[in-house]
Amino acid sequence: MTTVAPNLLIEVDGRPVTEAGLRLRALDTYGHFTAMQVRDYRVRGLALHLDRLDSATRELFGVGLDGEHVRSLLRHALGDVRDASVRVYVHRPNETDERDETSGTTLMVTVRPPVAIDGRAQSLMSVPYQRPVPHIKHLGGFAQIHYGRLAERAGFDSALLTGRGGVVAEGAIANIAFWDGSSVVWPDAPVLTGITMALVHACLLSAGLPSVHREVTLADLGQYRAAFVTNSHGVAPVSRIDETVFPGDATLLKTVTELYDGVEWARL
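Below, the structure is looked at part by part. (Residues numbered from 1 in each chain as written. Predicted model: local features only at pLDDT ≥ 70, side-chain atom pairs only at ≥ 80, totals over all residues. Heavy atoms only, no water.)

As for the packing of aromatic side chains
Part 1: Enumeration over the complete set of coordinates arrives at six aromatic pairs.
Part 2: Residues Phe178 and Tyr224 carry aromatic rings whose centres are separated by 5.2 Å and whose planes lie at 40° to one another, so their mutual orientation is tilted. Linking Phe178 in strand β10 (residues 175–179) with Tyr224 in the loop between β12 (211–214) and β13 (226–231), this pair joins segments that are 46 residues apart in sequence.
Part 3: Here Tyr224 falls in the buried class, since its relative accessible area comes to 5%.
Part 4: Ring centres 5.9 Å apart and planes at 85° place the aromatic pair Trp186 and Phe228 in the edge-to-face group. Pair noted here: Trp186 is in strand β11 (residues 184–187) and Phe228 is in strand β13, with a separation of 42 residues, a long-range link. (Phe/Tyr/Trp six-rings, centres within 6.5 Å; stacked < 30°, edge-to-face > 60°. Helix = DSSP H or I, 4+ residues; strand = E, 2+ residues; numbered from the N terminus. Buried < 20%, exposed > 50% of the residue type's maximum accessible area, 1.4 Å probe, protein only.)

Take a look at the structure:
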């Protein structure tokens, strides 16, 4: 029988988190993480998650991160839980903190109940903000949370991050793509390459469907028939951005969703 995921379980380097350990991490926002959905002890794009953790650890801390060690910590934290939302956080340990002997860093794993996109169309409010060091999924996303809440107060589902001249970058917690009737267009701007984004892009190319990177601005939005967002929860259509309403393309969304659903899940 599958054990239900806890509301929140936290382990640090394979051990239950202590009050002191949690306090250190609450006060230290220099680090990075990855978020994944686990189903039947499997993860879509597991190799990409491990590569992300390794490359960011090398850039921030100057050491690598062994993927097999990460998988071992994930299995330990999950225990008998087969379906869950999981995050892996990487910090450089404090002198009084425990140290991961394989990399010189300390890893925190959190386990929560699983989450999936319900397929409901999203509405986004553009905001004048781009993430610093955007290629890393780093900690300390105050502005993303702030603008996301402002968007919700204004009646939108989330925020769309933009740069100078209204250049579209990414969602507050997702990547975004547009459909011009012949190609899927990902904004050519400094963004985090999300795992789901990378998987969808590769699937589209394998299926012979054009998937390109091109500058997109708020002034260009009327040129597109449809848009969708991707993150660890899945793929969802975008119905409007600010006052621009997209006609939508059910066939395109069905194709993208089916391609993503067909991605193999790797066993932990």
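Thoughts on the nonpolar core
Part 1: Core analysis: the largest hydrophobic core is formed by 24 residues, its most contacted members being Val70, Leu74, Leu78, Val86 and Val109.
Part 2: Take this core: its biggest share by element is five residues, from helix α3 (residues 67–78).
Part 3: Formed by 17 residues, the second largest nonpolar core is a distinct cluster that contains Met197, Ala226, Val235 and Val256. (Core = buried A, V, L, I, M, F, W, Y, C linked by side-chain atoms within 4.5 Å.)

With respect to the environment of Ala236
Part 1: Residue placement: Ala236 occurs in strand β14 (residues 234–241).
Part 2: Ala236 sits 119 residues away from Ile117 along the chain, and the two C-alpha atoms are 6.8 Å apart.
Part 3: Leaving out residues up to four positions away in the same chain, Ala236 has contacts with Ile117, Arg120, Gln122, Phe228 and Val229. (Contact = heavy atoms within 4.5 Å.)

What to know about the sheet that holds strand β6 (residues 106–112)
Part 1: Read from one edge to the other, the open sheet built from seven strands follows the order β2-β1-β6-β5-β3-β4-β16, with strand pairing classed as antiparallel. Edge positions in the open sheet fall to β2 (15–16) and β16 (265–267), since each of these has one partner strand only.
Part 2: Pairing geometry for strand β4 (residues 42–44) and β16, over three bridges, is antiparallel. Counted as the bridge partner of Val43 is Ala266 from β16. (Pairing = 2+ DSSP bridges.)

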